[in-house]
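Understanding the architecture of this molecule
Letter by letter, the chains look like this.
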Amino acid sequence: MRIARFSIDGNVAFGAVEGDSPPGTTDGLVLDIIKGIPFADFELSGTKVPLSKVRLLPPVLPNKVVAFGRNYAEHAKELGNEVPDAPFAFFKPSTSVIGPGDAIAYPSFSQELHHEAELAVVIGRMCREVPRERVKDVILGYTCANDVTARDVQKREKQWARAKGFDTSCPLGPWVETDLDPGDLTIQCTVNGRQRQLGRTSQMIHSIEDLIVNISEAMTLLPGDVILTGTPEGVGPLNVGDEVAVTIEGIGTLTNKVIKRG
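As a starting point, this report considers the structure included with it. (Residues numbered from 1 in each chain as written. Predicted model: local features only at pLDDT ≥ 70, side-chain atom pairs only at ≥ 80, totals over all residues. Heavy atoms only, no water.)

**Overview of the nonpolar core**
- One finds Ile 212 and Ile 227 to be the most contacted residues of the largest nonpolar core, which totals 53 residues.
- Setting aside residues no more than four positions away along its own chain, Ile 227 makes contact with Val 66, Phe 68, Leu 119, Ala 120, Val 121, Ile 123, Ile 212, Ile 215 and Leu 221.
- Within the second largest apolar cluster, 15 residues are counted, among which are Val 97, Val 122, Cys 170 and Leu 172. (Core = buried A, V, L, I, M, F, W, Y, C linked by side-chain atoms within 4.5 Å. Buried < 20%, exposed > 50% of the residue type's maximum accessible area, 1.4 Å probe, protein only. Contact = heavy atoms within 4.5 Å.)

**Some details on the sheet that holds strand E18 (residues 236–238)**
- With antiparallel pairing, the three strands of this open sheet are ordered in space as E13-E10-E18. The two strands at the open ends of the sheet, each matched to only one other strand, are strand E13 (149–150) and E18.
- The pairing of strand E10 (residues 113–115) with E13 spans two bridges and is classified as antiparallel. Within E13, the position partnered with His 114 by the bridge is Thr 149. (Pairing = 2+ DSSP bridges. Helix = DSSP H or I, 4+ residues; strand = E, 2+ residues; numbered from the N terminus.)

**A word on the pairing of strand E16 (residues 194–200)**
- Where strand E15 (residues 186–191) and E16 come together, six bridges link them in antiparallel fashion. Its bridge partner lying in E16, Thr 190 is registered against Gln 195.

**Side note on the packing of aromatic side chains**
- Counted under the stated rule, the structure contains three aromatic pairs.
- Considering the side-chain rings of Phe 88 and Trp 160, the 5.3 Å spacing of their centres and the 70 degrees angle between planes classify their relative orientation as edge-to-face. A residue pair is termed long-range when its members are at least 10 positions apart, and Phe 88 in strand E7 (residues 88–92) and Trp 160 in the loop between helix H2 (151–157) and helix H3 (161–165) qualify at 72 residues.
- You can call Trp 160 buried: its relative accessible area is 11%.
- For the pair Phe 109 and Phe 166, a centre-to-centre distance of 6.2 Å together with 80 degrees between the ring planes defines the contact as edge-to-face. (Phe/Tyr/Trp six-rings, centres within 6.5 Å; stacked < 30°, edge-to-face > 60°.)

The following block contains the structure:
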């Protein structure tokens, strides 16, 4: 099931996305509005609205976004970094999250903004110290993410709070796919229609199970929390006016435009 969060006539709701559409369009897609929330038992209302008539929002509002760096060997190599022996985590605040079609505001303190296409895992239930064999039980589904990074600031400041945590640095969407095997999916990033990144989730150094076991040893994960699983090689610059799109096989495409920060 594809679960979207959306706004219509000033109201916010969740809905199940139904139908098929040509790539890059919402033609033919409708939302069956959900009674309740997707983190508990819910029913479909049977009330349907064309996707083209609503504004898609970030599919979840996470309490926290836990991101893992250098989880693809070739990406670590392209930036001159060593591959970590264990999962390497950092945080993006909830205020960094935006949805499909929302603008990425180029931060005034950076001169080198980069895209990073990633598979995002959405947590479906409160959990901690999750055993490996139970990881699938705590996952609601998967969505596309862009770990937008002020690369010059990351290099200069060594820690990543400002470089990866600024407002609008975490686009998510377009929806959460609940029925998906994430083991070997194509991840692609284009800028203005030109391919920049192309990789597969099977290239991850540490698996999704590794990542969730690792972070849940330290902290409680809450429904709606998001885990970013790393980016393949090919990261590169974004400029004001660029349109960046992250496409993941079996999920869809997340598109955002870069604007000057006002």
